[in-house]
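# Notes for the structure review
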Amino acid sequence: MTDYDTVSADVEHEEEIPEDHPRYQDLLTRHRIEEGVEKGITHLQGMHAEGRGSAFDYLLGEATIPSADAAERAAAAHLLLADDPVLSINGNVAALVPGEMVELAEATGADLEINLFNRTPERLEAIADHLRDHGAEDVKGLEADARIPNLDHKRAKVDEDGIYSADVVLVPLEDGDRAEALDAMDKTEIVIDLNPLSRSPQVADVPIVDNIIRAVPNMTEHARELADADEAELQEIIEDFDREAALEAAEDRIRNGL
Ligand code: PTJ
């Protein structure tokens, strides 16, 4: 039995957080974001983003609901069928799931591209190093030789052979106009966001309302399981997924606990 009074809020290493703590996932998430800020990976604004996400996750029951699992399977099918899939990484994503994103990229043949709202050379370098420390071989987004049309901030800066020419893009943890701009470029968008009402999941082909620390490993598991599936089977999974129903189910769970 853990004596919770002895669990310090000031954890130095995540191994110190007891896995049987009732708020284990939340403590782990908070710790990784704090560490991200200390290492210059996560912007201070990322803490606000995390606080918001954490409140929605609490209302969701801190669990992957069935509609999110279906979305994660459909997302894996999209990534496997894509010609040029890209996983977009910001400062929160890099802090929370660096190794897990590398594994998802490997399981689906996707590229990893850093894309930041608060873009500075120092943060780009810190995030690229962090991803490399977690096994990434090729990290895109440093060159930024292309622009997403009709977007007037730094998230518009993308790699020509990355997000700019991708057919399927995973966009986690950002409520913003980039999701709308990518939609206008006719890309298939997969969004991970705990708030089903935020703009990004509202425009996504596949909105995943789940905590990224559960969503990404589950997508990888689906992708590995579907690795030998033929095109028809993957298409069927994609067609069977109902984005409206998934958004509704998440909102119902959050509002009514249903
Ligand atoms: O690293 P940068 O410079 O690109 O900055 C990133 C910011 C913080 C600006 C970016 O993440 C952002 O735009 O944050 P927002 O607008 O607060 O939106 C973040 C969304 O992600 C919110 O809807 C949160 O509910 C959601 N969210 C936060 N944490 C998680 C989450 N969704 C899934 N899993 C989480 N752990």
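All values reported here derive from a predicted model rather than from experimental measurement.

This part takes up the nonpolar core. Among the nonpolar cores identified, the biggest contains 40 residues, and L87, M101 and I208 are the most heavily contacted of them. Here the element with the most residues in this core is helix α9 (residues 212-225); it accounts for 5 residues. Among all residues touching M101, those that are not within four sequence positions of it are L87, S88, I89, V93, L112, L170, P172 and V216.

Every one of the 24 residues lining the ligand counts as a neighbour, but R52, F117, R123, L173 and D193 are closest to it. Here a nitrogen atom of the ligand sits 3.4 Å away from a polar atom, N or O, in the side chain of E50. In isolation the ligand has 750 Å² of accessible area, and contact with the protein removes 95% of it. Contributing elements (two or more residues each) for the shell around the ligand: α2 (45-60) and α4 (91-96). No other element matches the 7 residues that α2 contributes to the shell around the ligand. Taken together, the residues that form the shell around the ligand break down as 8 nonpolar, 8 polar and 8 charged. Shared between two domains, the shell around the ligand takes at least three residues from each, and those domains are domain 1 (3-60) and domain 2 (66-256).

Right, let's get into the environment of A105. Along the chain, A105 turns up in helix α5 (residues 98-108). Under the relative-accessibility criterion, A105 is labelled buried at 7%. When the C-alpha positions of A105 and A136 are compared, they lie 8.9 Å apart, and in sequence the two are 31 residues distant. Apart from the residues lying within four places of it in its own chain, the contact partners of A105 are L87, A110 and L112.

Parameters at a glance
- Residues numbered from 1 in each chain as written.
- Predicted model: local features only at pLDDT ≥ 70, side-chain atom pairs only at ≥ 80, totals over all residues.
- Heavy atoms only, no water.
- Core = buried A, V, L, I, M, F, W, Y, C linked by side-chain atoms within 4.5 Å.
- Buried < 20%, exposed > 50% of the residue type's maximum accessible area, 1.4 Å probe, protein only.
- Helix = DSSP H or I, 4+ residues; strand = E, 2+ residues; numbered from the N terminus.
- Contact = heavy atoms within 4.5 Å.
- Near = heavy atom within 4 Å.
- Polar contact = N/O pair within 3.5 Å; in protein donor to acceptor, adjacent residues only side chain to side chain.
- Areas by Shrake-Rupley, 256 points an atom, 1.4 Å probe, with all protein chains shown as cover.
- Nonpolar A, V, L, I, M, F, W, Y, C, P; charged D, E, K, R; others polar.
- Domains from an automatic or database assignment.

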